[in-house]
Amino acid sequence: MADNENESGMGGFGWFLAGLGIGALVGVLYAPKSGKETREDIVAKSLEARDKANALYNQGVEQATQLVQQGKETVTQYVGKGKEVAGQYVDKGKEYYDKGRTQWTQYVDKGKDLIQTQAEAVSAAVEAGKDAYIKTTTEAEPVENS
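Source: prediction; values computed, not measured.

Helices and strands together make up the secondary structure of the chain, namely three helices and zero strands. In sequence order, the secondary structure elements of the chain are arranged as α-α-α. Here the chain has roughly 13200 Å² of accessible surface; of this, 60% comes from carbon and sulfur atoms.

Structure follows, in structure tokens:
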């Protein structure tokens, strides 16, 4: 039964309103009043129904406006929180970058110092080798050819 109501596009409330309208019309038509009074009553009831419909429409527009405003505020809050979290991640990334850069600079400086120390040691060894060679060749006795 519920499927039939949904398919026709008119639920129980729609049928209630239709029955209410038909009942009102039948009541007005069979009322013991003159035609002019009946027409005036129909016009008055129609105007009253129009005013109620306009009031309900305005109330719906107001509620929709409030809901839209609440939605905008909620979205603004989430965007603000998202920006804050993103900012925190950016700050953390910068912190790690700076830390890595500092460590890399320290390693490069240590490498330069090690190379300089090794270069000095090699130079000292070469100089010692030269001195030893010169000392050995100048102190050596000449060999006689017989």
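On we go from here.
Together, I22, L25, V26, L29, Y30 and I42 make up a nonpolar patch on the protein surface, roughly 630 Å² of accessible area in all. Position of L25 among the secondary structure elements: in helix α2 (residues 12-29).

Attention shifts here to the pattern of salt bridges. Two side chains with opposite charge may pair up if their charged atoms get near one another. Applying the stated criterion across every chain yields a total of three salt bridges. We note a salt bridge from K52 to E48, for which the minimum N-O separation is 3.9 Å. You can see K52 and its partner E48 sitting in helix α3 (residues 35-139), four residues apart, about one turn around the helix. You can call K52 exposed: its relative accessible area is 52%. According to the relative accessible area criterion, E48 is partly exposed, its value standing at 40%. E127 is the partner of K130 in a salt bridge, and the nearest nitrogen-oxygen pair spans 3.8 Å.

Rules behind the numbers
- Residues numbered from 1 in each chain as written.
- Predicted model: local features only at pLDDT ≥ 70, side-chain atom pairs only at ≥ 80, totals over all residues.
- Heavy atoms only, no water.
- Helix = DSSP H or I, 4+ residues; strand = E, 2+ residues; numbered from the N terminus.
- Areas by Shrake-Rupley, 256 points an atom, 1.4 Å probe, with all protein chains shown as cover.
- Patch = residues over 30% accessible without salt bridge, like charges linked within 9 Å, V, L, I, M, F, W, Y side chains within 5 Å.
- Salt bridge = Lys/Arg side-chain N within 4 Å of Asp/Glu carboxyl O.
- Buried < 20%, exposed > 50% of the residue type's maximum accessible area, 1.4 Å probe, protein only.

Everything listed is a geometric property; what it means functionally is a separate question.
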